[in-house]
Amino acid sequence: MGETLLTRTPRERLDPKWHLAWDTLNGLTGSAEFVEVFSQHPEMLDFVMNRFYMPVFFGGQVEQRYKQLARLKLSLLHGCRTCNKQNVPGALAAGFTQAQVDALIDGDMAPFTEAERAVIDYAAQVALTNMDGEMTPALFARLRAHFSEADILELGTAMAVISGMAKLSFVLNVVEKEPYC
């Protein structure tokens, strides 16, 4: 884990409404530094946890498995080890197999459906590592074969917020990075 310059609030001093978030994050990653730091601004922590993740990422109209797949692809591309520790179990819980997760890590698209491949390619366009990302007519057509335009916007918005939070987490040094990051 990095050495953030921001103040961390230990679990015992957190508002009890954040204990579940702390416990969940700590259980998945071995650190709840994100919650501890963001507790300095409860409205921002509430935005991330309760106004983004709950209604948009875990809610919305797009099937959870596609959002989990996109989130995992993004964290693999970004090199966020803390994120990967959460996103692999998230993908598995959404119905992906360990073989599919391993294939995604290796860049093998064979075990994925056409809809899933389109989501993976969409995530690659949104990723922080792709400064030339673009919605090409071919990618749009592949996505539209499986998703409404509203779904494409929902997926893109979820990926954009996740990517932005990953970048901020790197800058604030509140996540562990993969060696390739």
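Refer to the structure printed above.
The text that follows walks through the structure, step by step, so that each part is easy to find. Keep in mind that what you see is a predicted model, and the values were worked out from it rather than measured.

### Thoughts on the overall build of the protein
Right, so step 1: Regarding its fold elements, the protein presents 9 helices and 0 strands.
Right, so step 2: Moving toward the C terminus, one meets the helices and strands of the protein in the order α-α-α-α-α-α-α-α-α.
Right, so step 3: For the protein, whose C-alpha radius of gyration is 16 Å, the value lies close to the compact-globule estimate of 16 Å for 181 residues.
Right, so step 4: Each of the three principal axes of the protein carries a C-alpha extent, and together these read 50 × 35 × 30 Å.

### Brief notes about the nonpolar core
Right, so step 1: F34, V35, L104, F112, F147 and L155 are the most contacted members of the largest nonpolar core, which totals 52 residues.
Right, so step 2: Residue contributions to this core peak at 7 residues, all from helix 9 (residues 149–172).
Right, so step 3: In this structure, F34 is in contact with L25, L45, V48, M49, M165, S169 and V174, ignoring residues within four places of it in sequence.

### Some words on the packing of aromatic side chains
How two aromatic rings sit relative to each other is set out by the distance from centre to centre and by the angle between their planes.
Right, so step 1: Scanning the entire structure with this criterion turns up 7 aromatic pairs.
Right, so step 2: Measuring from centroid to centroid gives 4.3 Å for F34 and F38, while their planes differ by 20 degrees, and the two rings are stacked. A residue pair is termed a helical-turn pair when its members lie 3 or 4 positions apart in one helix, as F34 and F38 do in helix 2 (residues 33–38) at 4 residues.
Right, so step 3: For F34, a relative accessible area of 11% gives the class buried.
Right, so step 4: On the numbers, 6.0 Å between centres and 40 degrees between planes, the contact of Y53 with F58 is tilted.
Right, so step 5: Given a relative accessible area of 42%, F58 falls into the partly exposed group.
Right, so step 6: Every member of this aromatic cluster is reached through a ring pair, and the members are F52, Y53, F57 and F58.
Right, so step 7: Just above the ring of F96 sits the side chain of R65; from NZ or CZ to the centre is 3.9 Å.

### Let's talk about the environment of V62
Right, so step 1: Mapped onto the fold, V62 is located in the loop between helix 3 (42–57) and helix 4 (64–78).
Right, so step 2: A relative accessible area of 5% places V62 in the buried class.
Right, so step 3: V62 sits 10 residues away from F52 along the chain, and the two C-alpha atoms are 14 Å apart.

Parameters at a glance
Residues numbered from 1 in each chain as written. Predicted model: local features only at pLDDT ≥ 70, side-chain atom pairs only at ≥ 80, totals over all residues. Heavy atoms only, no water. Helix = DSSP H or I, 4+ residues; strand = E, 2+ residues; numbered from the N terminus. Rg over C-alpha atoms; globule rule 2.2 N^0.38 Å. Core = buried A, V, L, I, M, F, W, Y, C linked by side-chain atoms within 4.5 Å. Buried < 20%, exposed > 50% of the residue type's maximum accessible area, 1.4 Å probe, protein only. Contact = heavy atoms within 4.5 Å. Phe/Tyr/Trp six-rings, centres within 6.5 Å; stacked < 30°, edge-to-face > 60°. Lys NZ or Arg CZ within 6 Å of the ring centre and 35° of its normal.

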